[in-house]
Amino acid sequence: MVFSSISFLFFFLPLLFLIYFIVPKKLKNMVLLIFSLLFYYIGEKWYVILLLSSCLVNFLVGRKLSSKQKKSYLILGLVFNVGLLFYYKYTNFFIDNFNQILNFNFSTLQVVLPLGISFFTFQNISYLIDVYRNDTKEEKNLFAYFTYISLFPQLVAGPIVRYKDIRKELESRKESTNKFASGITRFTVGLGKKVLIADTLYYTYTAIMASNMSMMSYWVVALCFTFQIYYDFSGYSDMAIGLGSMFGFTFKENFNYPLISSSITEFWRRWHMSLSSFFRDYIYIPLGGNRCSILKNIRNILIVWILTGFWHGADWNFILWGFYFFCFLILEKFVLKKYLKNNIFSYLYTFLIVIFSFVIFSISDMKELVSFFQGMFGIGVEITNFESIYYLKNNFMILIVSFLGMGPLFKNIIIRLKKGKMNKVLSVLEVVFIIVVLILSIAVIISSTFNPFIYFRF
Amino acid sequence: MKNKIIVGIFILILGSGFIFGILSKTQEISFFERRKLTSKEDLKEDFFANLDDYMSDQFLLRNELLKVSSIWNRFFLRNEEYNNVYTKKDSIIEKNYPMNQKSIDGFIDKMNSISTRYLKNSNVYYTILPDKSYFLEEGKELKMDFSSMKKQLNEEIKGVYIDILDEFTLEDYFKTDIHLKQNAYFKVIPTFTEKMNLKYQKKDYEEYKIDHFYGASFSKAPYLNQETITYYSNQEIKNTKVKHLEYGKRNVYDLTQLNNVDLYNVFLSGPSALIEIENNQSESSRELIVFRDSFGSSFVPLLIPYYQKITVVDLRYISDEKMAELISFDQKDVLFMYSTLLVNSSEILKVKK
């Protein structure tokens, strides 16, 4: 089930609101758990058992992390989680590559990648490590732990929520009209980003890619890839944060206007922050971080970025994507750092590198990827043609909207208006904005025959 | 206060959709979209797999929301070809681009293959009807090169070409449908009679109107209005006997189709593999075989006075081999009549190469 669907908005969510806000406080977590499992079951059917089994194992291991053999239990837990992820996500990738490289003929496994497995596995790992490090207490209530892992707002597309960040809210939280209303605003913004912008960009580049492409078309498609992934992913995070807020949870931010960063280093402080902080806290720092020799530091960065790439999907383009960022991060760390300030060159450089990165991210076939880059540099194609100008003109507005929305322009306007004592006008505008975006999004969902979902490989 | 209003509106919108979804009566067919909707029966098969389609199909104010979506994309995002259609002079134009060379070659091969196999002793004519994209502006919209298509067809298809490509205007078509209105064909009948060596007959017709017509393209730009189908009949047409291979006996204008989602099916009962039309009042003893797509449905009735028997074949629904078992072609007139839409997607014709 996805948030941007009619069945979620008009069946699942109203039913959940109805029951959640009627039942006594002590049953609220149970209601959330049941609905979260239903949410997962609707999309993934009996993989819900896998989700529950994974939770159960991690819960039991967590209970043992206060014992004397806590290190052994931690290793056991990590092996289980990594093994589970490896089996479902990476086994066929390795079998395929062994077969190709060594000319073997091993048959691949008949397994489907369970949705959200990368997210819930990383949440389980973060829980075990945090308990092991005494950064948080272990959860003693099995159902509370199940609720934490399977909480539907963040189950299939993140953010990766750490147990220590919502432990108190799991035990006791206060839902309020204000929190509910701010959750609605955030959810609506996310829904609009996903349905009105990201999905439109998907249709845009699909149409352009079916046309007679020129160099200009390749650049427009690359721009569409970048904006689509940003608006889809950050839109999903907004919806997750908004839904969390409606039920009294406070999830940390996951995106902070990454496309206006002045360096790749800054970009990764602003993009999918829950993932980058996971790798920083649980891989990079334990490996020695930067408090070691330069060579070891470079090794640590390489490991983190290969893993980051591989986490996004079991394919070579994702590994290449991670390696690509590793190269620029090293380049910035040792060479470019002093030049990358808040100037137009830095922003353009970062934006360009990010655009190239999302081409790598979007095209898994290596031959197609090479051909796409050739197209971007005008090799074997015209610089421009009628069709590319036509498609640019026809999709100009969505590109402008995407461009204007990538920075905090609208947020800053609102802050200025608030300072100018325009609060009443702003309140009315906020209500109108929510109604308009909600109705437009519903209209677009209803008229769509396909709902692009970019997380199926995560 | 503001927050209470936001919560109230959100709950109202979601709650209305939820309650309507539970209490409303299931609609089985959408005339607006011309399709069968997901029903409660589908939910019984697999509730969760079909829930989204069901709720979306049966959604409160669905038709109005389709209009909103279309207006948003076309007028705010300025996507002129949203849903692969253009709108010009309030008429919906299906995009027919790019030119599919493989399909055009295939079309020619299929026509010639039929001629070689079955039409050695027949008078063969062919004509191409322009689809609405013919009226797009070259250099502004995506319009295929119709002149090169016509040139290739003229050079390679065996038979007498009846050129009516430039005879129509956009106003001759239904605004919400791909087809030509029936009265548009009146102006090309003299061209046909001249080329096919028939004596032109000026006939009187009575006009019959069918309201509430949502054309095949309507749901792609639903902010336009429904329209009226006008068909032309007289006593000779009313007395004509029509027999379908699939449905048996019907009338030329089949009013039983008024309950169908596609009111255009009133012309020769819509899609049909093979139809025999016999006009005992005809002064002629000649016979005609028409190979056609859906454009032919409203044209063929106007040829009735000129032939004693017209056999109408739609190769999308019958293979040429099966057809050849049922028809004799010797000494008969044969007309291939296809729209440029079909020429550009000829793979759907069931002709053995």
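Treat the numbers as computed from the prediction; the structure is a model and nothing was measured.

1. What to know about the packing of aromatic side chains
Taken as a whole and assessed by the stated rule, the structure comprises 110 aromatic pairs over all chains. Residues Tyr253(B) and Phe267(B) carry aromatic rings whose centres are separated by 5.9 Å and whose planes lie at 75 degrees to one another, so their mutual orientation is edge-to-face. Separated by 14 residues along the polypeptide, Tyr253(B) in the loop between strand S10 (248-250) and strand S11 (274-278) and Phe267(B) in the loop between S10 and S11 bring together distant segments of the chain. In this structure, Tyr253(B) and Phe267(B) share a single accessibility class: buried. The cationic tip of Lys70(A) hangs over the ring face of Tyr132(A); the distance from NZ or CZ to the ring centre is 4.9 Å. Directly above the ring of Trp311(A) sits Lys89(A), whose terminal nitrogen or CZ lies 5.3 Å from the centroid.

2. With respect to the packing of helix H13 (residues 294-311) of chain A against helix H14 (residues 316-336) of chain A
All names here are of chain A. Close contact between H13 and H14 brings their axes to 7 Å; oriented N to C, the two are set at 145 degrees. Here H13 runs over H14; the crossing is right-handed. For the pair H13 and H14, the contacting residues are Ile294, Asn297, Ile298, Ile301, Leu302, Trp305, Ile306, Gly309 and Phe310 in the first and Phe318, Ile319, Trp321, Gly322, Phe323, Phe325, Phe326, Leu329, Ile330, Lys333 and Phe334 in the second. By residue class, the composition of the contact of H13 with H14 is 16 nonpolar, 3 polar and 1 charged.

3. Notes on the environment of Ile303(A)
Structurally, the position occupied by Ile303(A) is in helix H13. When residues no more than four places from it in sequence are discounted, the contact partners of Ile303(A) are Ile283(A) and Leu287(A).

4. Considering the domain arrangement of chain B
Residue and element names in this part refer to chain B. Parsing chain B into structural domains produces domain 1 (2-93) and domain 2 (97-348). Contact with domain 1, which involves 26 residues of that partner, is made by 29 residues of domain 2. Surface buried jointly by domain 1 and domain 2 totals about 2400 Å² across both partners, of which 63% is contributed by carbon and sulfur atoms. Per-residue buried area on domain 1 facing domain 2 is highest for Arg34, Lys88 and Ile92; these three make up 30% of the total on that side. Where domain 1 touches domain 2, the interface holds 5 salt bridges. Residue Arg34 is joined to Asp262 by a salt bridge in which the shortest nitrogen-to-oxygen separation is 2.6 Å. For the side of domain 1 that touches domain 2, the leading source of residues is helix H4 (residues 62-76), giving 6 residues. Classifying every residue of the side of domain 1 that touches domain 2 gives 11 nonpolar, 5 polar and 10 charged.

5. Regarding the interface of chain A and chain B
Taken residue by residue, the interface counts 46 residues in chain A and 42 residues in chain B. In total, about 4100 Å² of surface goes out of reach between chain A and chain B, with carbon and sulfur atoms giving 75% of it. Residue Glu430(A) pairs with Lys2(B) through a salt bridge whose shortest N-O separation is 2.7 Å. Across the chain A-chain B interface, the total number found is 11 residue pairs in polar contact (both at pLDDT 80 or more). By residue number, the principal contributor to the side of chain A that touches chain B is helix H20 (residues 423-447) of chain A, which donates 13 residues. Each residue belonging to the side of chain A that touches chain B can be placed in one class, and the counts come to 33 nonpolar, 10 polar and 3 charged.

6. Comments concerning the pairing of strand S8 (residues 227-233) of chain B
Residue and element names in this part refer to chain B. S8 sits mainly inside the fold: 6 of its 7 residues count as buried. By the bridge criterion, 6 bridges tie strand S7 (residues 206-213) to S8 in an arrangement that is antiparallel. Looking across to S8, one finds that Phe213 is bridged to Glu227.

7. Regarding a nonpolar patch on the surface
All names here are of chain A. A contiguous nonpolar surface patch, about 630 Å² in accessible area, is contributed by Phe396, Ile400, Phe403, Leu404, Leu409, Phe410 and Ile413. Contributions of two or more residues to the nonpolar patch are made by helix H18 (396-405) and helix H19 (409-419). Broken down by element, the nonpolar patch gets its largest block of residues, 4 residues, from H18. Examined against the element boundaries, Phe403 turns out to sit in helix H18. Looking at Phe403, the relative accessible area reads 45%, which means it is partly exposed.

Thresholds applied
Residues numbered from 1 in each chain as written. Chains lettered and ligands numbered in written order. Predicted model: local features only at pLDDT ≥ 70, side-chain atom pairs only at ≥ 80, totals over all residues. Heavy atoms only, no water. Phe/Tyr/Trp six-rings, centres within 6.5 Å; stacked < 30°, edge-to-face > 60°. Helix = DSSP H or I, 4+ residues; strand = E, 2+ residues; numbered from the N terminus. Buried < 20%, exposed > 50% of the residue type's maximum accessible area, 1.4 Å probe, protein only. Lys NZ or Arg CZ within 6 Å of the ring centre and 35° of its normal. Axes fitted to C-alpha atoms, helices over the stretch in contact; angles between N-to-C directions. Left-handed = near helix turned anticlockwise from the far one by under 90°. Contact = heavy atoms within 4.5 Å. Nonpolar A, V, L, I, M, F, W, Y, C, P; charged D, E, K, R; others polar. Domains from an automatic or database assignment. Buried area = accessible area lost by both parts, 1.4 Å probe. Salt bridge = Lys/Arg side-chain N within 4 Å of Asp/Glu carboxyl O. Polar contact = N/O pair within 3.5 Å; in protein donor to acceptor, adjacent residues only side chain to side chain. Pairing = 2+ DSSP bridges. Patch = residues over 30% accessible without salt bridge, like charges linked within 9 Å, V, L, I, M, F, W, Y side chains within 5 Å. Areas by Shrake-Rupley, 256 points an atom, 1.4 Å probe, with all protein chains shown as cover.

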